[in-house]
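# Fold and geometry: a report
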Amino acid sequence: MAAGAGGLVAAAAVLLALAGPRPAPAELTDGNSEHLKREHSLMKPYQGAGSAAMPLWDFQGSTMVTSQYVRLTPDERSREGSIWNRVPCFLKDWELHVHFKIHGAGKKNLHGDGLALWYTQDRLTPGPVFGSKDNFHGLAIFLDTYPNDEATERVFPYISAMVNNGSLTYDHSKDGRWTELAGCSADLRNQNHDTFLAVRYSRGRLTVMTDVEDKNEWKNCIDIAGVQLPTGYFFGASAGTGDLSDNHDIISMKLFQLMVEHPVEDDTVDWTKIEPRVSLLKSPKDNVDDPTGNFRSGPLTGWKVFLLLLCALLGIIVCAVVGAVVFQKRQERNKRFY
């Protein structure tokens, strides 16, 4: 029996080694150790405040540039506005830090609609998706403050991510649930302290984190592997109001270049020509029967595989030990009859 148990332990060790260590969480830059790209960043003091033009940035709609913030929409009904970087981004690995503020006079569930952050092929195109166009090419991060779907069990405000190759339509009536990759709730509206959001894209991994609790620390919201985004797209932000309204302000957008090593074969890829896509085990559209719209995880990561293998191994070991004990007791019973 001792030899058998030793063999089981050895087998467990081998399988655990094959499963590999847990992948490290995506550490976000503190904004100092990486390279700030000023041509893609919006910071105070804003050049051109109070005028109709800004260097490196274009804005439209109800957007108003002041000395303290860029207001995409005022707290008024049926307004939409956006601001877009003029310079296409050719970085393969980047991190965007956004200092924003969503606030207004509306009470609970009497405010809207929300804010969107974009990395897309087209820019300055008004539309129904938080003030910008639908069927876009690229990445969108939605900060949705109003639940249009009365049946939802989500807690709003709700942050979600969507990658589109132009074929998907954002469904406002379902708060984008069918095309959402992942998301989280975040109490980000009408706060008396600064609120921040960080979006990191590196080596096919998309990470979104928030700092909205006045703790000066990032909190994980979205972490998805298998994301493919082209280079040469534009960064922007937009917001829209309908029957309900809010002030949607951008205080700063800072883009950092991440210094990451890539496989040699990546040098042969024309990253401006690839299509935006996500390699999931199942399509977001497979979740149409989910009545709650709860968080959907991405593909199996190394950590999830590790947990599955660990549970399987523990089950095998427990069964083996129980079986050995039962077998030994039966042997003792048989001896009594001799």
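Just above sits the structure.
Residues numbered from 1 in each chain as written. Predicted model: local features only at pLDDT ≥ 70, side-chain atom pairs only at ≥ 80, totals over all residues. Heavy atoms only, no water.

### So, empty space enclosed by the protein
Applying the stated criterion to the full structure yields three cavities of 30 Å³ or more. Put simply, the largest cavity is a space of about 60 Å³. Along its surface, the largest cavity is lined by Trp 94, Leu 96, Leu 117, Trp 118, Tyr 119, Leu 139, Ala 140, Ile 141, Val 199 and Phe 235. Of all the elements in the fold, those that place two or more residues in the lining of the largest cavity are β6 (94-103), β7 (114-120) and β8 (137-144). (1 Å grid on protein atoms, 1.4 Å probe; cavity = no way out; pocket = protein on both sides within 12 Å on 5 of 7 lines; lining within 4 Å. Points joined across faces, edges and corners; volume = space filled by probe spheres on them. Helix = DSSP H or I, 4+ residues; strand = E, 2+ residues; numbered from the N terminus.)

### Some words on the sheet that holds strand β10 (residues 182-185)
Here seven strands make up an open sheet; going across it, the order is β2-β5-β15-β7-β8-β9-β10 and the pairing antiparallel. With partners counted over all chains shown, the strands left at the sheet margins are β2 (57-61) and β10, one partner each. For this sheet the average axis-to-axis angle between neighbouring strands, irrespective of direction, equals 15°. (Pairing = 2+ DSSP bridges. Axes fitted to C-alpha atoms, helices over the stretch in contact; angles between N-to-C directions.)

### Re the pattern of salt bridges
Under the criterion given, the structure shown has 15 salt bridges. Salt-bridge contacts for Asp 246 lead to Arg 189; the nearest nitrogen and oxygen are separated by 2.6 Å. Residue Asp 246 is found in the loop between β15 (234-240) and β16 (247-257), and its partner Arg 189 is found in the loop between β10 and β11 (195-202); the two are separated by 57 residues along the sequence. The same class applies to Asp 246 as to Arg 189, namely buried. The shortest N-O distance in the salt bridge between Glu 213 and Lys 219 comes to 3.3 Å. (Salt bridge = Lys/Arg side-chain N within 4 Å of Asp/Glu carboxyl O. Buried < 20%, exposed > 50% of the residue type's maximum accessible area, 1.4 Å probe, protein only.)

### Quick word on the side chain of Asp 266
Checked against the element boundaries, Asp 266 lands in the loop between β16 and β17 (277-278). The buried charged residue Asp 266 lacks any salt bridge, with Lys 92 as its nearest oppositely charged partner at 5.3 Å. At 2.9 Å, the side chain of Asp 266 forms a polar contact with the side chain of His 262. Once residues lying within four places of it in the same chain are set aside, the contact partners of Asp 266 are Lys 92 and Trp 271. (Lys, Arg positive; Asp, Glu negative; His and termini not counted. Polar contact = N/O pair within 3.5 Å; in protein donor to acceptor, adjacent residues only side chain to side chain. Contact = heavy atoms within 4.5 Å.)

### Observations regarding a nonpolar patch on the surface
A grouping of Val 318, Val 322 and Val 326 is seen on the molecular surface, where their side chains present a nonpolar patch of about 230 Å² in accessible area. Here Val 326 shows up in helix α2 (residues 302-336). (Patch = residues over 30% accessible without salt bridge, like charges linked within 9 Å, V, L, I, M, F, W, Y side chains within 5 Å. Areas by Shrake-Rupley, 256 points an atom, 1.4 Å probe, with all protein chains shown as cover.)

### What to know about the pairing of strand β9 (residues 158-165)
Counting buried residues along β9, seven of its eight residues qualify, which places the element largely inside the surrounding structure. When β8 meets β9, the two strands line up antiparallel, connected through eight bridges. Across the sheet, the residue bridging to Leu 139 is Val 163, located in β9. Relative to β10, β9 runs antiparallel, the two sharing four bridges. Residue Ile 159 lies in a different strand from β10, and its bridge partner there is Cys 184.

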